[in-house]
Each structure stands twice: as C-alpha cells, then as structure tokens.
Amino acid sequence: VAQSWGRANLEKGDLIAFTAMEHHSNIVPWQLIAEQTDAETTYVGVTPEGRLDLESFDRVIARKPKLLALTHVGNALGTINPVKELITRAHDVGTLVLIDGAQSLPHMAVDVQDLDCDFLAFSGHKMLAPMGAGILYGKKHLLDAMPPYMGGGSMIRKVTLEKTIFADVPARFEAGTPSVGDVIAFGAALTYLSSIGMDRIHEHEQQMVRYMLDGLKTVSGLSIIGPDSTIDRSAVVSFTLDDVHPHDVAAILDEDNVAVRAGHHCAQPLLTEMGVHSTTRASAYLYNTQDDIDRMLTSLSRAQRVFQRS
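Residues numbered from 1 in each chain as written. Predicted model: local features only at pLDDT ≥ 70, side-chain atom pairs only at ≥ 80, totals over all residues. Heavy atoms only, no water.

Caption draft 1: Spotlight on unusual backbone geometry. In the segment running from Val169 into Pro170, the intervening peptide bond is cis, with an omega of 5°. Even without being a glycine, Asp242 presents a positive backbone phi close to 50°. Inspection of the secondary structure puts Asp242 in the loop between β10 (236–241) and α9 (246–255). (Helix = DSSP H or I, 4+ residues; strand = E, 2+ residues; numbered from the N terminus.)

Caption draft 2: How the structure looks around the side chain of Gln206. With respect to the secondary-structure elements, Gln206 resides in helix α8 (residues 198–216). If we ignore the near neighbours within four places in the chain, the residues touching Gln206 are Thr230, Arg233 and Ser234. (Contact = heavy atoms within 4.5 Å.)

Caption draft 3: Seen up close, the packing of aromatic side chains. Evaluated as defined, the whole model comprises two aromatic pairs. Centroid distance Phe122 to Phe186: 6.1 Å. Interplanar angle 80°. Geometry classified as edge-to-face. Of this pair, Phe122 sits in strand β5 (residues 119–123) while Phe186 sits in helix α7 (residues 180–196), and the two are 64 residues apart along the sequence. Judged by relative accessible area, which is 4%, Phe186 ranks as buried. For the ring pair Tyr285 and Tyr287, a centre distance of 5.5 Å and an interplane angle of 85° mean the geometry is edge-to-face. Residue class for Tyr287 comes out exposed when judged on its relative accessible area of 54%. (Phe/Tyr/Trp six-rings, centres within 6.5 Å; stacked < 30°, edge-to-face > 60°. Buried < 20%, exposed > 50% of the residue type's maximum accessible area, 1.4 Å probe, protein only.)

Caption draft 4: Spotlight on the pairing of strand β7 (residues 156–159). Alignment of β7 against strand β8 (residues 164–166), held across three bridges, turns out to be antiparallel. Opposite Lys158, over in β8, you have Ile165 as the bridge partner. (Pairing = 2+ DSSP bridges.)

Caption draft 5: Geometry of the sheet that holds strand β1 (residues 15–19). Read from one edge to the other, the open sheet built from six strands follows the order β2-β1-β3-β4-β5-β6, with strand pairing classed as mixed. Edge positions in the sheet fall to β2 (40–44) and β6 (134–138), since each of these pairs with one other strand and no more. Each neighbouring strand pair of the sheet contributes to a mean axis angle of 15°, computed without reference to strand direction. Direction of pairing for strand β4 (residues 96–100) relative to β5: parallel, over a ladder of three bridges. Looking across to β5, one finds that Ile99 is bridged to Leu120. (Axes fitted to C-alpha atoms, helices over the stretch in contact; angles between N-to-C directions.)

What follows is the structure, encoded as structure tokens:
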C-alpha cells in the first residue's frame, strides 16, 4: 500500500499518520514513502497505561492526514484499540485508514465491512500457517486505481515491446512465481481456525489472560508494562522483573521449556514511550492451558532466585 497507493497519491506536504503503538512494519514503510514523496509523518501518542491517547488522536486527525495506519491489537502490549470508532472519525475528515490486523485476525472475529477500513493486512504465520504468505484486503475502487509496485510474470494482461497492459486486481500486485505451498497451507490454517470458531478462540484467550494477569501480579518485583486489566486487551502480556535483563529472564524460562520472547518486540518507539528499553513478553493462544501459565510462574520464581542480589 505504501509503495503503490503512496507513490500514486502522496506529494510534498501531505501527511501520513500512524501511532506510537505500531510494529516497525507499520512505521518504516510510511517513513520510506514519505522520504520518496516529500510527504510528512506524524503519530498518535500512548497513555502511561499503554492505550492510545485519544486527545493526541484528536490533534492528529484535525490535521486531516491522507492516510492513518493503525494497529488493531498491539503486538507488544496486547492493547485492543477501538478501531471502528477511530475509522469513522478518520473518514469524517477524508482520511483513509489502513489496519494492521496481524495480531487481531488470529484471535477474534473481524469483519472488514463492519469496520469500514480501507485496507487491512495480516500474515499467515500468526495464524498457524507457515511463514511466507500474507493477505491484503482493500476496497476494490482503491485497489483498481493503484498501479503495480513490482513488475514480473503473472501480473500482466498483455506485453508488447512498447507497452504493458496490467492484469486486474489482485493479479497486478502478485508479480512472479507465487509461494503456492505457503498459500495452500494458509488456507488450511484458516479453515481449521474457522472450524473451531473465532469467538470461541477469543473467549479462551480472555480466560488465559485473566489467569495470567492474576498470577503475574503475585510475583514480587514484577511490573506489567501496558494494560493491567482484561478490558480491551489480548492474551499478550509484557513485563519486567526487578533489574534482571529480559533476555536473562527468557533464558531461565527457556531452560524450563517455557517459551517467551524478550527484547523490544519490533516496537522500539512504543517501549521508549513506556519508559523501558525491553520487556519479557508472554502470550497465550488456543493451545495454551492454565498449567502452562503455572509453569511460567514457577520458572519466574526460579529466575528471581538465580539473579537474587545480595
């Protein structure tokens, strides 16, 4: 979207907005296209609790950006944003909205027509599929007006030595040999998740995050970074443990076969806003149980003993 829609529609002085909560993949492309077109970028801030600052949103949307890039669910803190309301308000001033759905589509039912978003992108490997495939949804009139961002085979209707006529969407955006195996596996994963039911998956995750938050709050020296309640949040919890580096915490948990992630989670601007450099992040999905969380809590207690300061 940044390279195809952006090159065709952005010019000097235009404004692109995103939020401080975004994954780097929803910041860097906008910075790149802004440099290429002399457009400008701005961002919506976050509150100390790790939610979008709606007063900051008011100030940004009052400037009538050409496009707002907005995550549905934050990958680092698990915050679920009120995207439907924000999309409506953006459209009121003529702003297009792209939703990063990588952290929402795997975990809850999402209806793009109900949201009325202009674009929505998500990836297969967050949804039990292999790495290598993703999906872009876009309103057809917008996609039809967008030029290809890459040339190659399979995206053409006719080629002569003087001119190329491009295929209709979506083929015009799929140059080259597609990752067929990944796409077939992606389809199988979507069928599997649909057979379980996205509402059931979301309900299970809400039970998991409630149990996880309650347990983490009993761990001495542990600070939850981001929302500390189950309201409008997914089963992703970031935390710090005393002054132990998150990588060290993750290493101890790994010894106990508890898999977490440590670092900045490709969200450096967000963690800077939250006053930390890195966190340990635990996440639960449809295959996790309370026993898994209990094992993590036990392992965290061991990490405290290992790194106990005299």
